[in-house]
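# Structural characterization, general
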Amino acid sequence: MSRIVGVRFKKASQIYYFDPADMTFESGDDVIVETARGLALGKVAIPPKDIEPEQLSEPLKTVVRRAQAEDFEKQAEMREKEGSALAKCEELVAKFQLPMSPLAAEYSMDGTHLTIFFKAEKRVDFRTLLRELSSALKTRVELRQVGARDAAKLVGGMGRCGFGLCCASHLCKFEPISMKMARDQDLPLNPTNISGVCGRLLCCLAYENVQYRDMKQKLPAPGKSIKTRVGEAKVIGCNPLKETVLVQLESEATIELPVSEIELPDSDSPR
């Protein structure tokens, strides 16, 4: 068995495994860990536990220590520098007329590594920008291109629901979203109505998709002939949340009935 501790570096971000090095931690503890970009301050999301070695894709880096007051001061100092670093990047992007939009800057704790995230429609030759930026900021700089969803997660904002973006507030990873989810929930298929600020399909389409699918299994499809307490009728719509069907009688009158009050022909079944 391998002993691990799960650490998260940002709100709603991925959890990474580290070797706790015989130290004991609780959820919420602040720790300093060794990463590929140097030391970083993170928060324990999974207390130390044993897992099977095959669950690890690579050797674990180690938790160095519990975070101290000076670590928080150093991180605050780096956060202050990130704004000016991003502004410098934006200035040079404009100077070289590069088709890219810098989004966020992130320093390592010791200030020896700076990552700048940017959005672009296609690949960008930023070698000149990288040299100028490294020279101006006197540190190692990494430019990382991100997609539309990751860009929204970095920048944050308000969704069409009036709340903060799910990706920035609580989603740790992006799930596949499809138009079929919108169809299953009887939503308008106009992309403008079912897309988020990132321009991609709304992440929340996945939240109730399974429930809608399961509820629709109990309901007859539109066009089905059924029997009701007021005679034979044809299904012209349904409401999965209420578990009701809208039917048209032979008189062409329409009524809404609970699914428990309808009867399908013996040869038929719900969807």
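Scroll up for the structure.
Residues numbered from 1 in each chain as written. Predicted model: local features only at pLDDT ≥ 70, side-chain atom pairs only at ≥ 80, totals over all residues. Heavy atoms only, no water.

### Brief notes about the sheet that holds strand E4 (residues 38–51)
Test applied: Strands qualify as paired when DSSP identifies two bridges or more between them. Here a helix means four or more residues in a row that DSSP labels H or I, a strand means two or more in a row labelled E, and each is numbered from the N terminus. What counts as an axis is a line fitted to C-alpha atoms, over the stretch in contact for a helix, and the angles between N-to-C directions run from 0 to 180 degrees.
As summarised here, the arrangement of the five strands in space is E2-E1-E4-E3-E5, forming an open sheet in which the pairing is antiparallel. The sheet is open, and its two edges are formed by strand E2 (15–18) and strand E5 (63–66), each paired on a single side. In this sheet, neighbouring strand axes are inclined to one another by 45° on average, regardless of whether the strands run parallel or antiparallel. Relative to E4, strand E3 (residues 30–35) runs antiparallel, the two sharing six bridges. Among the inter-strand pairings, Asp30 is bridged to a residue of E4, identified as Lys43.

### Some words on the pattern of salt bridges
Formally: In what follows, salt bridge is the name for a side-chain nitrogen of Lys or Arg lying within 4 Å of a carboxyl oxygen of Asp or Glu.
The final tally for this structure, using the stated rule, is 16 salt bridges. Between Asp125 and Arg127 there is a salt bridge, with the nearest N and O atoms lying 2.8 Å from each other. Taking the shortest distance from any N to any O, the salt bridge between Arg229 and Glu261 comes out at 3.0 Å. Taken together, the positions of Arg229 in the loop between strand E9 (225–228) and strand E10 (231–239) and Glu261 in the segment after strand E12 (254–258) put the pair 32 residues apart, joining distant regions of the chain.

### Notes on the packing of aromatic side chains
The condition that has to hold: Aromatic contacts are taken between Phe, Tyr and Trp rings whose centres are within 6.5 Å, Trp giving its six-membered ring; a plane angle under 30 degrees counts as stacked, one over 60 as edge-to-face, and the others as tilted. Relative accessibility decides the category of a residue: with a 1.4 Å probe and only protein chains considered, values under 20% of the type maximum give buried, values over 50% give exposed, and everything between is partly exposed. Each ring is checked for a lysine NZ or an arginine CZ that lies within 6 Å of its centre and within 35 degrees of its normal; such an atom marks a charge sitting over the ring.
Counted by the stated rule, this structure contains three aromatic pairs. With a centroid separation of 5.9 Å and 45° between ring planes, the pair formed by Phe9 and Tyr16 is classed as tilted. Looking at Tyr16, the relative accessible area reads 38%, which means it is partly exposed. Summarising the aromatic geometry, the rings of Phe118 and Phe126 are spaced 5.8 Å apart at their centres and angled 80° between planes, so their arrangement reads as edge-to-face. Joined through ring pairs, the aromatic side chains of Phe9, Tyr16 and Phe18 make up one cluster. Its guanidinium or amino end placed over the ring of Tyr107, Lys81 lies 4.8 Å from that ring's centre, counting from NZ or CZ. Lying across the ring of Phe174, Lys153 places its NZ or CZ 6.0 Å from the centre.

### A few points about the side chain of Asp184
Worth spelling out the cut-off: Contact between two residues is taken to exist if any of their heavy atoms lie within 4.5 Å; hydrogens are not considered.
Locating Asp184 in the fold gives a position in helix H5 (residues 179–184). Residue classification places Asp184 among the buried positions, given a relative accessible area of 16%. When sequence neighbours within four positions are dropped, the list of residues in contact with Asp184 reads Asn209, Tyr212 and Lys216.

### Let's talk about helix H1 (residues 69–96)
Operational definition: Any helix carries an expected span of 1.5 Å times its number of residues minus one.
With 28 residues, H1 ought to run about 40 Å at 1.5 Å a step, and its terminal C-alpha atoms sit 41 Å apart, in line with that. Every buried residue belonging to H1 is among Asp71, Met78, Glu82, Ala85, Leu86, Cys89, Leu92 and Val93, and all of these are buried. At its buried positions, H1 is contacted by E3, E4, E5, strand E6 (101–107), strand E7 (113–119) and helix H2 (127–137). The positive-phi residue at the C-terminal boundary of H1 is Gln97, with phi of around 50°.

### A closer look at the packing of H1 against H2
Going by this rule: Just so you know how the angles are binned, under 35 degrees is roughly parallel, over 145 roughly antiparallel, 65 to 115 roughly perpendicular, and the rest oblique. Each crossing gets its hand from how the near helix is turned against the far one by less than a right angle, where anticlockwise is left-handed and clockwise is right-handed.
Where H1 contacts H2, the two axes come as close as 10 Å, and the packing angle between them is 140°. If you check the angle between H1 and H2, you find them oblique. Between H1 and H2 lies a crossing of right-handed hand. Contacts between H1 and H2 involve Ala85, Lys88, Cys89, Leu92, Val93, Lys95 and Phe96 from the first element and Thr128, Leu129, Glu132, Leu133, Ala136 and Leu137 from the second.

From the geometry alone we can't say anything about function, so treat these as descriptive.
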